[in-house]
Amino acid sequence: MTEQTKVTDTPATPVKVMPDAQTVTAVTHWTDRLFSFRVTRPRSLRFRSGEFVMIGLPDDSGKPILRAYSIASPAWDEELEFYSIKVPDGPLTSRLQHIRPGDQIILRPKPVGTLVLDALLPGQRLWFLATGTGIAPFASLMRDPETYERYDEVVMMHTCRTVAELDYGRTLVAALADDPLIGELAAQKLRYYPTTTREEFARMGRITDTLTSGKVFADLGIPPMDAARDRAMVCGSLAFNLDVKAVLEGFGLREGANSDPREYVVEKAFVGDGI
Ligand code: FAD
Ligand code: A2P
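For clarity, every value in this text was computed on a predicted model and none was experimentally measured. (Residues numbered from 1 in each chain as written. Chains lettered and ligands numbered in written order. Predicted model: local features only at pLDDT ≥ 70, side-chain atom pairs only at ≥ 80, totals over all residues. Heavy atoms only, no water.)

Asks: Talk me through the overall build of the protein chain; I want residue IDs and the actual numbers.
Replies: What the protein chain contains, in helices and strands, is eight helices and twelve strands. Rg of the C-alpha trace for the protein chain: 18 Å, near the compact-globule value of 19 Å for 275 residues, within the 12% margin. Projected onto its principal axes, the C-alpha coordinates of the protein chain cover approximately 55 × 40 × 40 Å. Counting every position in the protein chain, which comprises 275 residues, the buried fraction comes to 53%. Carbon and sulfur atoms make up 52% of the accessible area of the protein chain, which totals about 12800 Å². (Helix = DSSP H or I, 4+ residues; strand = E, 2+ residues; numbered from the N terminus. Rg over C-alpha atoms; globule rule 2.2 N^0.38 Å. Buried < 20%, exposed > 50% of the residue type's maximum accessible area, 1.4 Å probe, protein only. Areas by Shrake-Rupley, 256 points an atom, 1.4 Å probe, with all protein chains shown as cover.)

Here you go:
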């Protein structure tokens, strides 16, 4: 079960005056390690669905602690949504996990990133391949009508260790059905394929394994990946990204970038210890 707080709640901390401050409007705790929150959007902020920005909080001396965060809301949304890990001793998230509606966070309005539709050559089927909080940029892209305008079919593969860690994505995908803007498009074109690896669930297995064994293609009743038709976006740990890249290259897809669109693009969901 999720614990949700709304704007009507009393702020836990006094509102401080900070540069680039935005106000928290809602917070949802999904597990003891995961939460999502929404903040006001600066009027001047334009971004492409899938990009990330730097957000943060001041430390005890008032110095900003800033970290990269994918914007999980689509480009048309009036607010901004983020989906976050809680690292127990993490400089930012040990504080950020306590935010309440009415609190302020710092948001540097300079969006960047490679997980954007323009970084891919035109194709028919788009794959979103994510582990853990790596679903955040795809939470944005899944809610953007342009994704469905450009592709006949969109497959969202998300893998976590446990079922509860899938909850944010499962809730988001379920809500798409009632979305007046995207509901019909998503119903026609979005295929959602969540799996777990360490807890019993309807579908299990690592993304790399279900792609190489062909299980995901068989389950969805579609042909294997083909560079002429399929495009992919990847977001997970460094190890995941490297392994998925090898699988995609095996299907003949080549890595692209904003300046050089090709068949797939990759972004780190976080920078790991010692990397
Ligand atoms: P840090 O000192 O930054 O991290 C401590 C350790 O925690 C890391 O070494 C790593 O082992 C682990 N860790 C950090 N982030 C994660 C994570 N997301 N999942 C699993 N383990 C992690 N984080 C998000 O929660 N949501 C996002 O949308 C997001 N987008 C990012 C986009 C980019 C391009 C990059 C590079 C990182 C992104 N991150 C995201 C990670 C984020 O920048 C921070 O690392 C995270 O918020 C933890 O901050 P911290 O200061 O508490 O700990
Ligand atoms: P597994 O449980 O088999 O390690 P983590 O919580 O460690 O970031 O992992 C998130 C999910 O990503 C887990 O389901 C994990 O599977 C999977 N995973 C981790 N590393 C890889 C990898 N190199 N290739 C494919 N899947 C991975």
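Asks: Account for the site of ligand 2, with residues named and values stated.
Replies: Taken together, the residues surrounding ligand 2 are Thr131, Thr159, Cys160, Arg161, Thr197, Arg198, Arg206, Thr208, Ala239, Phe240 and Asp243. Contact distances for ligand 2 include 3.4 Å between an oxygen atom and a backbone N or O atom of cysteine 160. One of the side-chain nitrogen or oxygen atoms of arginine 198 is found 2.6 Å away from an oxygen atom of ligand 2. Relative to its unbound accessible area of 550 Å², ligand 2 is 81% covered by the protein chains. With respect to the pocket detection grid, ligand 2 is positioned in the largest pocket. Only β9 (153-160) and α8 (238-250) provide two or more residues apiece to the shell around ligand 2. For the shell around ligand 2, a count of residues per class yields three nonpolar, four polar and four charged. (Near = heavy atom within 4 Å. Polar contact = N/O pair within 3.5 Å; in protein donor to acceptor, adjacent residues only side chain to side chain. 1 Å grid on protein atoms, 1.4 Å probe; cavity = no way out; pocket = protein on both sides within 12 Å on 5 of 7 lines; lining within 4 Å. Sits in = over half its atoms within 2 Å of the grid points. Nonpolar A, V, L, I, M, F, W, Y, C, P; charged D, E, K, R; others polar.)

Asks: Explain the layout of surface pockets residue by residue, including any values.
Replies: It is the rolling of a water-molecule-sized probe over the atoms that shows where space remains empty. Considering only enclosed or pocket space, the largest pocket measures out at about 1500 Å³ in volume. Forming the boundary of the largest pocket are 44 residues, of which Ile85, Thr133, Ser237, Ala269 and Phe270 lie nearest the centre. The greatest single-element share of the lining of the largest pocket, amounting to four residues, is contributed by strand β5 (residues 64-70). When its residues are assigned to classes, the lining of the largest pocket shows 19 nonpolar, 14 polar and eleven charged. Both of domain 1 (3-111) and domain 2 (117-266) provide at least three residues apiece to the lining of the largest pocket. Size it by volume and the second largest pocket reaches roughly 370 Å³. Considering the residues around the second largest pocket, the lining is formed by 19 residues, among which Arg38, Glu81, Arg143, Leu172 and Ala175 are closest to the centre. Counting residues per element, the ones that place at least two in the lining of the second largest pocket are β2 (21-29), β3 (34-40) and α4 (167-176). With five residues, α4 is the single largest residue contributor to the lining of the second largest pocket. (Points joined across faces, edges and corners; volume = space filled by probe spheres on them. Domains from an automatic or database assignment.)

Asks: Describe the environment of isoleucine 65, and please don't skip the residues or the numbers.
Replies: Structurally, isoleucine 65 is set in strand β5. What isoleucine 65 contacts, discounting residues up to four positions off in sequence, is Ile55, Gly56, Leu57, Asp59, Pro91, Leu92 and Arg95. (Contact = heavy atoms within 4.5 Å.)

Asks: Would you mind going over the site of ligand 1 in detail, with residue names and values included?
Replies: By nearness alone, 21 residues border ligand 1, and Ala68, Tyr69, Tyr83, Leu92 and Thr93 come closest of all. With respect to ligand 1, the backbone of serine 70 contributes an N or O atom lying 3.2 Å from an oxygen atom. A distance of 2.6 Å separates an oxygen atom of ligand 1 from a polar atom in the side chain of threonine 93. Coverage of ligand 1 by the protein chains reaches 83% of its 870 Å² of free accessible surface. One can see that ligand 1 is located within the largest pocket. Contributing elements (two or more residues each) for the shell around ligand 1: β5 and β6 (79-85). Of the residues forming the shell around ligand 1, the biggest block, four residues, is contributed by β5. Residue classes in the shell around ligand 1 are distributed as twelve nonpolar, six polar and three charged.

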